[in-house]
Amino acid sequence: MKTWKEIAVELNQPPDPKLVRAAMPDKGIYGSYLPAQVVVMYLNEVFGPDGWSGYLSSVKELTLADGTTVFISEYEIRAEGLDENGKTLAVNRSNGGVGVAAAWFDRQTGEQKPPKPQAIDTAYKASISDGLKRAAKDFGPKLGMQLYLNETELALFSLYDGVEHTAAGEGI
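What counts, and at which threshold
Residues numbered from 1 in each chain as written. Predicted model: local features only at pLDDT ≥ 70, side-chain atom pairs only at ≥ 80, totals over all residues. Heavy atoms only, no water. Buried < 20%, exposed > 50% of the residue type's maximum accessible area, 1.4 Å probe, protein only. Helix = DSSP H or I, 4+ residues; strand = E, 2+ residues; numbered from the N terminus. Arc of directions from axis to C-beta. Contact = heavy atoms within 4.5 Å. Salt bridge = Lys/Arg side-chain N within 4 Å of Asp/Glu carboxyl O. Axes fitted to C-alpha atoms, helices over the stretch in contact; angles between N-to-C directions. Left-handed = near helix turned anticlockwise from the far one by under 90°. Nonpolar A, V, L, I, M, F, W, Y, C, P; charged D, E, K, R; others polar.

Undergrad: Mind showing me how you'd approach helix H1 (residues 4–11) here?
TA: Note: α-helices contain 3.6 residues per turn, so residues at a spacing of three or four share the same orientation. Those residues of H1 not exposed but buried are Trp-4, Ile-7 and Leu-11. For H1, the arc enclosing every buried residue in end-on projection is 55 degrees, short of the 170-degree limit, so these residues lie on one face. The exposed set on the far side of H1, more than 90 degrees from its buried face, consists of Lys-5 and Val-9. Taken together, the buried residues of H1 touch helix H2 (36–47), strand S2 (69–82) and strand S3 (88–101).

Undergrad: Which parts of the structure should I look at to understand the pattern of salt bridges?
TA: A side chain of one charge can pair with a side chain of the opposite charge if their charged atoms are brought near each other. What the rule picks out here adds up to seven salt bridges. We note a salt bridge from Glu-80 to Arg-78, for which the minimum N-O separation is 3.8 Å. Judged by its relative accessible area of 21%, Glu-80 is partly exposed. Here Asp-121 ties to Lys-125 by a salt bridge, and the two come within 3.0 Å at their closest N and O atoms. Of this pair, Asp-121 and Lys-125 are both found in helix H3 (residues 117–137), four residues apart, which corresponds to roughly one turn of the helix. We classify Asp-121 as partly exposed; its relative accessible area is 37%.

Undergrad: Would you mind going over the packing of H1 against H2 with me for this structure?
TA: Relative placement of two packed helices is described by the angle separating their axes and the distance separating the axes. Close contact between H1 and H2 brings their axes to 10 Å; oriented N to C, the two are set at 145 degrees. Relative to H2, H1 is oriented so that their crossing is right-handed. Residue-level contacts link Trp-4, Ile-7, Glu-10 and Leu-11 of H1 to Glu-45, Val-46 and Phe-47 of H2. Residue classes in the contact of H1 with H2 are distributed as five nonpolar, no polar and two charged.

As structure tokens, this is what we get:
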């Protein structure tokens, strides 16, 4: 098991720019992001496969007036490292994710229809992976922190830890 000091050095590194995905506004993705598989890969790389765990603590399903289904999940990650005395110290991070299955307009009948089952399934999974990514980003830049921060927040974070942090499109 690595020390938290070693882990901090790794977490302060930016993600590989080739693994950062671009925004897709037409699909409701408005910022650059790391895919969930990449986040899991980095969690394994930084903490080791047995050095972290994650679980879904809750999922709420809402149905809007137009029939749109929204899932709101809460995901928690627990990571372990050694403190300066060689004792295991665990840190938890949690955050929420959202997935949306939109109602659709049937041009043949002129009616608003509820989301299709496949769209609901996809929205449910999206809320979980979104929660995983949002919880992981709170560990540091390696796990996508800078992808969620604006320039002012990046500058403040850089002042705090003495490492220059930049947004996805500006040199990571």
